[in-house]
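For reference, the chains in residue letters:
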Amino acid sequence: MAFIHQLGLNKLFSLFSPVVRPLLNVRANQRLESAVNVWDLRDAAKKRTHLMCFGYLDSGADDELAMARSRSAYSEYECHYNVLAGNSPETLDLRTTLFGGQVNLPFFMCPTAGHRMFHTLGEKATASVAAEKGILFALSSLSTTSVEDVGKILPANQPKVFQLYLWKDKGLNRELLARARENGYDAVALTADFSWFGNRERDRRNGFSIPPSYSVKQIVEAIKRPAWTWDLISNDMYTYANINQDVPAESLAAFINKQLSPEFTWDDAEWLAGEWGGHLSLKGVVRADDAVRALKSGFSSVWISNHGGRQLETAVPPVDALPEIRAAVGPDVQVILDGGVMRGTDIAKGLALGADGVGIGKAYLYGLAAGGKEGVAKAVDTLEDELQRAMGLLGVRTVDELKARGPELIRRRNTVKWPPA
Ligand SMILES: Cc1cc2nc3c(=O)[nH]c(=O)nc-3n(C[C@H](O)[C@H](O)[C@H](O)COP(=O)(O)O)c2cc1C
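Residues numbered from 1 in each chain as written. Predicted model: local features only at pLDDT ≥ 70, side-chain atom pairs only at ≥ 80, totals over all residues.

J.: Hey, could you go over the overall build of the protein for me, with residue numbers and the actual values?
T.: Along its length, the protein carries 22 helices and 12 strands. With respect to the principal axes defined by its C-alpha atoms, the protein has extents near 65 × 50 × 50 Å. Looking at the protein as a whole, 47% of its 421 residues qualify as buried. Relative to all contacts within the protein whose residues are 6 or more apart in sequence, the contacts with residues 24 or more apart total 74%. (Helix = DSSP H or I, 4+ residues; strand = E, 2+ residues; numbered from the N terminus. Buried ≥ 20, exposed ≤ 12 C-beta atoms within 10 Å, placed from the backbone. Contact = placed C-beta atoms within 7 Å.)

Here is the structure:
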């Protein structure tokens, strides 16, 4: 099937898209319509997306314990709510400040690679939803839409974050920082937990690759997902849009492998802080000592994350690392949390336990894979609705109130056995 793009047949197929696409998407649209929560969006994503790409989106490292526990950790915290607070949707205010700018919601889209793998509109769909909802969007270095094109979608008055991996080639790092600056990105997040590739066994089993290979297995899977496959063969092939365009698509993965370096140290992080000079966050921190060191090394905020459980198996659930890190850095440093968020109550708990903003990763990608821009909007709207309900029932009206009253409203589950011995 590679010949389709090589011969430019995708351009020919695209002429039929106005007729073929809606027909192939009838069931996907129905599933999207009937989804009532993020788990339903996950099911819908699984049914529309090629197995190899869904597996890449959905999987964690090794036995996927870190991923599962990062999700279930929120259930260990319980809500000690006030009644009769007189809250209605009109009295709630979910706005807050993140990375120096105002946003309409205290949760945001984490940087995630390769949105066009999941849906042909890719980052254009995700960034447009962020722009329309007035929420923070963090762009991955490994995006399939360029930093320039995404920069044009995001409004100037909304904070924008560019995520960076430190590549061995310092020139490439400098070039990416310059492009981020030129395109109005306010902050950079250095991801520090990705110096080795996580062991994602589903990817190996499914033969995941960028661009897709055309083995018999992949073609059979492609036939099973006609809506996704039509998008693939009637559009330009996706590629890592921020990486030097001279690298041929076939060798991009090898290029990226070669550029990742387990040898990086705090010296390299300090080098980056000197180069960027602006708001800088260290992403992937799970310990108080690293958080404190990040601040000493020139970072202005700490981003607690275990990469969605995709890197080190049995890494501590980020929400469990949060209270200690907040205590260590004090009340004035911006602390970001991500990992395992599937519900509005998860977001409320993250804020109450000390986060200033809570990132979502898989939750919005499920929406994207289930149905492009509408799917992303559904994921964000669903979580907003759930967060509103959580705050309304907890008896708080603003994000600041939730943060201030957090420790008395959200407490670790009472694990005393009942009845007592
Ligand atoms: C498909 C996928 C791709 C990701 N790509 C990146 C990336 O390019 N850079 C990065 O810093 N983190 C990346 N992450 C991690 C997210 O930024 C975030 O830390 C994680 O998804 C949060 O956990 P959650 O998915 O459980 O919400 C990726 C996560 C997923 C699921």
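Picking up where we left off.
J.: Can you lay out helix H9 (residues 122–133) for me, pointing to particular residues and giving the numbers?
T.: Spanning 12 residues, H9 covers 17 Å between terminal C-alpha atoms, matching the ideal 16 Å at 1.5 Å per step. Every buried residue belonging to H9 is among Gly-122, Glu-123, Ala-125, Thr-126, Ala-127, Val-129, Ala-130 and Lys-133, and all of these are buried. Considering only its buried residues, H9 is in contact with strand E4 (107–109), helix H8 (115–118), strand E5 (137–139), helix H10 (147–153) and helix H20 (362–394). (Expected span 1.5 Å × (residues − 1).)

J.: A description of the site of the ligand should follow, citing residues and the corresponding values.
T.: Taken together, 25 residues surround the ligand, and among them Cys-110, Ser-140, Thr-191, Gly-308 and Gly-361 come closest. By residue number, the principal contributor to the shell around the ligand is H20, which donates three residues. Class assignment for the residues of the shell around the ligand results in 10 nonpolar, 12 polar and three charged. (Near = placed C-beta within 6 Å. Nonpolar A, V, L, I, M, F, W, Y, C, P; charged D, E, K, R; others polar.)

J.: Explain the environment of Gly-198 to me, and be specific about the residues and the numbers.
T.: Tracing the sequence through the fold places Gly-198 in the loop between strand E7 (187–191) and helix H12 (201–206). Spatially, the C-alpha atoms of Gly-198 and Ala-370 are 25 Å apart, while their sequence positions differ by 172 residues.

J.: Tell me what's going on with the packing of helix H4 (residues 26–34) against helix H5 (residues 38–48), and back it up with residues and numbers.
T.: Packed helices, taken two at a time, are described by the angle their axes make and the gap between the axes. At a minimum axis separation of 9 Å, H4 and H5 run at an interaxial angle of 170 degrees. Considering the angle they form, H4 stands roughly antiparallel to H5. Only Ala-44, Lys-47 and Arg-48 of H5 make contact with H4, whose side of the interface consists of Ala-28, Arg-31 and Leu-32. Of the residues belonging to the contact of H4 with H5, the class tally is three nonpolar, no polar and three charged. (Axes fitted to C-alpha atoms, helices over the stretch in contact; angles between N-to-C directions. Parallel < 35°, antiparallel > 145°, perpendicular 65-115°, else oblique.)

J.: A description of unusual backbone geometry should follow, citing residues and the corresponding values.
T.: One non-glycine residue, Glu-64, lies in the positive phi region at around 65 degrees. Looking at where Glu-64 falls in the secondary structure, it is placed in the loop between helix H6 (51–58) and helix H7 (65–72).

J.: Quick one: what's the story with the nonpolar core, residue by residue and with numbers?
T.: Leu-136, Leu-190, Val-302 and Ile-304 are the most contacted members of the largest nonpolar core, which totals 113 residues. Among the elements that make up this core, the one with the highest residue count is H20 (15 residues). Not counting residues within four places of it along the chain, the set of residues in contact with Leu-190 comprises Leu-164, Leu-166, Ala-269, Leu-272, Leu-280, Leu-282 and Lys-283. (Core = buried A, V, L, I, M, F, W, Y, C linked by C-beta atoms within 7 Å.)

J.: Give me the pairing of strand E6 (residues 160–164): which residues, what numbers.
T.: By the criterion of burial, E6 is predominantly enclosed, with five of the five residues buried. Along E6, one buried face is formed by Lys-160, Phe-162 and Leu-164 and the opposite face, lined by Val-161 and Gln-163, is buried too. Here E5 runs beside E6; their pairing, made up of three bridges, is parallel. When the sheet's bridge partners are listed, Phe-137 is paired in E6 with Lys-160. The handedness of the E5 to E6 crossover, carried by H10, is right-handed. Sheet topology places E6 next to E7; four bridges connect them, and they run parallel. Counterpart to Val-161 in the pairing with E7 is Ala-187. Crossover E6 to E7 through helix H11 (residues 170–182) is right-handed. (Pairing = 2+ DSSP bridges. Right-handed = clockwise from strand over helix to strand, strands pointing away.)

J.: Outline the environment of Ser-88, supporting the account with residue identities and numerical values.
T.: Inspection of the secondary structure assignment puts Ser-88 in the loop between strand E1 (77–79) and strand E2 (96–98). With 9 C-beta atoms packed within 10 Å, Ser-88 lands in the exposed category. In sequence terms Ser-88 and Thr-345 are 257 residues apart; their C-alpha atoms lie 17 Å from each other.

J.: Before we move on, could you go through helix H16 (residues 266–276) and cite the residues and values that matter?
T.: Among the residues of H16, those classed as buried are Ala-269, Leu-272 and Trp-276. Down the axis of H16, the buried set is contained in an arc of 55 degrees. They therefore lie on one face. Within H16, the exposed residues directed more than 90 degrees away from the buried face are Asp-267 and Gly-274. Structurally, H16 contributes buried residues whose contacts are with H11, E7 and strand E8 (279–285). (Arc of directions from axis to C-beta.)

J.: Report on the pairing of strand E10 (residues 334–338), specifying residues and quantitative values.
T.: The buried fraction of E10 is high, at four of five residues. Where strand E9 (residues 301–304) meets E10, four bridges bridge the pair, whose relative direction is parallel. Pairing of Val-302 across the sheet is with Val-335, part of E10. Where the polypeptide runs from E9 across helix H18 (residues 318–329) and back to E10, its parallel neighbour, the crossover connection is right-handed. In this structure, E10 lies alongside strand E11 (residues 357–360), joined through three bridges in parallel fashion. Paired with Ile-336 across the bridge in E11 is Gly-357.

J.: Lay out the environment of Phe-118 with the relevant residues and their values.
T.: Take Phe-118: it is sitting in helix H8. With 253 residues separating them along the chain, Phe-118 and Gly-371 place their C-alpha atoms 9.3 Å apart. With residues up to four places along the chain from it excluded, the contact list for Phe-118 reads Thr-49, Cys-53, Leu-57, Leu-365, Leu-368 and Ala-369.

J.: Describe the packing of H5 against H20, naming the residues involved and giving the relevant values.
T.: Running from N to C, H5 and H20 point in directions that differ by 165 degrees, and their axes come no closer than 10 Å. As far as their axial angle goes, H20 and H5 are roughly antiparallel. Viewed along their axes, H5 and H20 form a crossing whose handedness is right-handed. In this structure, H5 uses Val-38, Leu-41, Arg-42, Ala-44, Ala-45 and Arg-48 to contact H20, whose residues at the interface are Ala-363, Tyr-366, Gly-367, Ala-369, Ala-370, Gly-371, Gly-375, Lys-378, Ala-379 and Thr-382. Of the residues that constitute the contact of H5 with H20, the class distribution is nine nonpolar, four polar and three charged. (Left-handed = near helix turned anticlockwise from the far one by under 90°.)

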